[in-house]
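Survey of secondary and tertiary structure
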Amino acid sequence: MIRKAVYPGSFDPVTNGHLDIVKRAANIFDEVIIAVFFNPNKDPVFTMEERVEMLKVATESLENVYVDSFSGLTTKYVHKVGGGAIVRGLRAVSDFEGEFQMASMNKYLDSDIETVFFMTDTKYAFLSSSVIKEAAYFDGDINELVPDNVYKKLKEKVTP
Ligand code: ADP
């Protein structure tokens, strides 16, 4: 039985699409660790500390959800924390190829770890951290698409 799952990602910043996946995973697994990935190839808008803090505030009411950060191989991190599954979300067909490749590589690297996919809620199917940042930059009304604390942070950081 897999009890502990890790949901890795950039979360730059967390959106309601991510949170929907977190809540559904938390209903299935005993424990879900949201793990913010330090990716040296990406240039995030929010620092690692800010992304972790925003996730902590947004998930504080979820008892079996924890927030952490990591660098290096996801499988090594999952193994280190005693997890048995990697949680990922799938939106459109365009997500499939990359996610399939990553899941296959992770299975190759550690065959004890399963990747579990959650289909996006259709109301968040178009939602990504990038479109949120773009809409916020041009002062679009994104209030309903991100948690309140993220909305405030985005206004401070992204709006010119
Ligand atoms: P990464 O840089 O690892 O793709 P993201 O923060 O963009 O990190 O996304 C983390 C995971 O959440 C990915 O599996 C992504 O497909 C999924 N995800 C992002 N937005 C949504 C959404 N609106 N609905 C469902 N899954 C999503």
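Everything here concerns the structure above.
Residues numbered from 1 in each chain as written. Predicted model: local features only at pLDDT ≥ 70, side-chain atom pairs only at ≥ 80, totals over all residues. Heavy atoms only, no water.

Let's shift gears to the overall build of the protein chain. Helix and strand counts for the protein chain come out as six helices and five strands. Listing every helix and strand of the protein chain by position from the N terminus yields β-α-β-α-β-α-β-α-β-α-α. In terms of C-alpha radius of gyration, the protein chain reaches 15 Å, essentially the compact-globule figure of 15 Å for 160 residues. Seen through its C-alpha atoms, the protein chain measures out along the principal axes to roughly 45 × 35 × 30 Å. (Helix = DSSP H or I, 4+ residues; strand = E, 2+ residues; numbered from the N terminus. Rg over C-alpha atoms; globule rule 2.2 N^0.38 Å.)

Once that is clear, we can look at the pairing of strand β5 (residues 114-119). Looking at chain direction, strand β4 (residues 85-90) and β5 are connected through six bridges and run parallel. If you follow Ala85 over to β5, its bridge partner there is Glu114. Between β4 and its parallel partner β5, the chain crosses via helix α4 (residues 93-109), and the hand of that crossover is right-handed. (Pairing = 2+ DSSP bridges. Right-handed = clockwise from strand over helix to strand, strands pointing away.)

Here we take up the environment of Pro40. Examined against the element boundaries, Pro40 turns out to sit in the loop between β2 (31-37) and α2 (48-58). Looking at Pro40, the relative accessible area reads 64%, which means it is exposed. In the structure, Pro40 is positioned 31 residues away from Ser71 in sequence and 8.8 Å away in space, judged by C-alpha atoms. (Buried < 20%, exposed > 50% of the residue type's maximum accessible area, 1.4 Å probe, protein only.)

The tally for this structure, following the rule as stated, stands at five aromatic pairs. Each ring, one from Phe70 and one from Tyr77, has its centre 4.7 Å from the other, and the planes form 25°; the classification is stacked. Taking 5.5 Å as the distance between ring centres and 10° as the angle between the ring planes, the aromatic pair formed by Phe96 and Phe100 counts as stacked. Of this pair, Phe96 and Phe100 both sit in helix α4, four residues apart, which is roughly one turn of that helix. (Phe/Tyr/Trp six-rings, centres within 6.5 Å; stacked < 30°, edge-to-face > 60°.)

The next thing to look at is the site of the ligand. In the vicinity of the ligand there are 17 residues, among which Tyr7, Ser10, Lys42, Gly89 and Tyr124 approach most closely. One of the side-chain N or O atoms of Arg88 is found 3.1 Å from an oxygen atom in the ligand. Take Thr120: an N or O atom from its side chain is 2.9 Å from a nitrogen atom of the ligand. About the coverage of the ligand: the protein hides 88% of its 550 Å² of free accessible area. Residue assignment for the shell around the ligand shows that the elements contributing at least two residues are β1 (4-9), α1 (16-28), β4 and α4. Residues belonging to the shell around the ligand are distributed by class as follows: six nonpolar, six polar and five charged. (Near = heavy atom within 4 Å. Polar contact = N/O pair within 3.5 Å; in protein donor to acceptor, adjacent residues only side chain to side chain. Areas by Shrake-Rupley, 256 points an atom, 1.4 Å probe, with all protein chains shown as cover. Nonpolar A, V, L, I, M, F, W, Y, C, P; charged D, E, K, R; others polar.)

Right, let's talk about unusual backbone geometry for a bit. Here the residue pair Asp12 and Pro13 is connected by a cis peptide bond, since its omega of 0° sits within 30 degrees of zero. Tracing the backbone through its elements, the reader meets Pro13 in the loop between β1 and α1. Located in the positive-phi region is Phe11, a residue other than glycine, with phi close to 50°. Take Phe11: it is sitting in the loop between β1 and α1.

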